[in-house]
Amino acid sequence: MNAPEITAFALTLLVMLIGFAGAILPGLPGTPLIALAALAHRGFLGARGASVWVLVTLVVVAAISSALDFAAATYGAKRLGATWRGMVGALVGGLLGLWWPPIGWIAGPLLGAIAGEWLGGRPWNEAGNAGLGAALGLMAGTAVKVAGAGAMICLWVVHILWKAFNA
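Worth saying up front: this structure is predicted, and the values here are computed from it rather than measured. For every chain, the first residue of the written sequence is number 1, and numbering continues from 1 onward in sequence order. Under the rules for a predicted model, residues below a pLDDT of 70 receive no local features and side-chain atom pairs below 80 are neither given nor counted, while totals for whole chains, interfaces and linings still include all residues. Working from all heavy atoms in the structure, the side-chain values ignore hydrogens and water.

Engineer: Give me the lowdown on the overall build of the protein, citing residues and values where you can.
Structural biologist: Counting from the N terminus, the helices are DSSP H or I runs at least four residues long and the strands are E runs at least two residues long. A count of helices and strands for the protein gives six helices and zero strands. If you list the helices and strands of the protein from N to C, you get α-α-α-α-α-α. Along the longest, intermediate and shortest principal axes, the C-alpha atoms of the protein span 65 × 30 × 20 Å. Residue contacts are counted whenever heavy atoms from the two residues lie within 4.5 Å of one another. The contacts of the protein with a sequence gap of at least 6 include a subset with a gap of at least 24, amounting to 68%. Only the protein chains shown count as cover for residues, with accessible areas throughout obtained via the Shrake-Rupley method and a probe of 1.4 Å. Total accessible area computed for the protein in this model is approximately 9,000 Å², and 79% of it derives from carbon and sulfur atoms.

Written out as structure tokens, the structure is:
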């Protein structure tokens, strides 16, 4: 590896780690950012970047993890009767809960979803059930994104290092 390749590797990995954080933090693109970083790396280095099969795999994993994240959040919420208010509450609670790890990461979406449903006029018992569904769906979706993001970064790093040391 020469200096431009090492620099490109380090910058790409930094962007990918920001993407990994985005898999956890609501509102930041996680897996799509990782895939875009790999594509930019290939665009900069050409054939010395990741192979086409790796890039295609990263794009497919990004699309699947994004779709599963949405499906898990929606399914969990709808299964236990959450409305859009519960989903918004879970999102806001999740953002606020980030400041109190690890308890806030679980309690934030749950309490936010319950508050969203209750403020929407639902009785406490219904708000609690719907809030639980919204929070569980949000956490399941986040777990899918984190797993996908970790796998994407590992695949890319191993592939690039393999190419660099076996060329």
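Having seen it, we continue.
Engineer: Describe the packing of aromatic side chains, and please don't skip the residues or the numbers.
Structural biologist: Two rings from Phe, Tyr or Trp (for Trp, the six-membered ring) form a pair when their centres sit within 6.5 Å of each other. Planes less than 30 degrees apart are called stacked, planes more than 60 degrees apart edge-to-face, and all others tilted. Scanning the entire structure with this criterion turns up two aromatic pairs. Centroid distance Phe-9 to Trp-156: 5.3 Å. Interplanar angle 15°. Geometry classified as stacked. Of this pair, Phe-9 sits in helix α1 (residues 3-24) while Trp-156 is found in helix α6 (residues 124-165), placing the two residues 147 residues apart along the sequence. Looking at Phe-9, the relative accessible area reads 15%, which means it is buried. Accessibility here uses a 1.4 Å probe with only protein chains present; expressed as a share of the type maximum, an area under 20% marks a residue as buried, one over 50% as exposed, and anything in between as partly exposed.

Engineer: Could you give an account of a nonpolar patch on the surface, naming the residues involved and the relevant values?
Structural biologist: For patch building, the residue pool is restricted to those with more than 30% relative accessible area and no salt bridge; the joining distance is 9 Å between like charges and 5 Å between nonpolar side chains (Val, Leu, Ile, Met, Phe, Trp, Tyr). One side-chain nitrogen of Lys or Arg within 4 Å of one carboxyl oxygen of Asp or Glu is enough to make a salt bridge. Taken together, the side chains of Trp-84, Val-88, Val-92, Leu-96, Trp-99 and Trp-100 define a hydrophobic patch exposed on the protein surface, amounting to about 770 Å² of accessible area. By secondary structure assignment, the location of Trp-99 is in the loop between α4 (84-97) and α5 (103-119).

Engineer: So what about α5? Which residues, and what values?
Structural biologist: By definition here, a helix of n residues has an expected span of 1.5 Å times n minus one. Taking 1.5 Å of rise per residue, 17 residues should cover 24 Å, and α5 covers 23 Å from first to last C-alpha, within 8% of that figure. Inspection of α5 places Gly-104, Gly-108, Pro-109, Gly-112, Ala-113, Ile-114, Gly-116 and Glu-117 among the buried residues, and these make up the whole buried set. Here the buried face of α5 lies against α4 and α6. Just past α5, the residue Gly-121 takes up positive phi, approximately 100°.

Engineer: Tell me about the pattern of salt bridges, and name the residues and values.
Structural biologist: Two side chains carrying opposite charge are able to pair once their charged atoms lie near each other. Under the definition given, this model contains four salt bridges. In this structure, Asp-69 and Lys-145 form a salt bridge, with 3.6 Å as the shortest nitrogen-oxygen distance. Here Asp-69 is found in helix α3 (residues 52-79), whereas its partner Lys-145 is found in helix α6, with 76 residues between them in sequence. Since its relative accessible area comes to 17%, Asp-69 is described here as buried. The closest approach of N and O atoms between Glu-126 and Arg-122, which form a salt bridge, is 3.4 Å. In this structure, a network of salt bridges that share partners links the residues Glu-117, Arg-122 and Glu-126.

The values are spatial; any link to function lies outside them.
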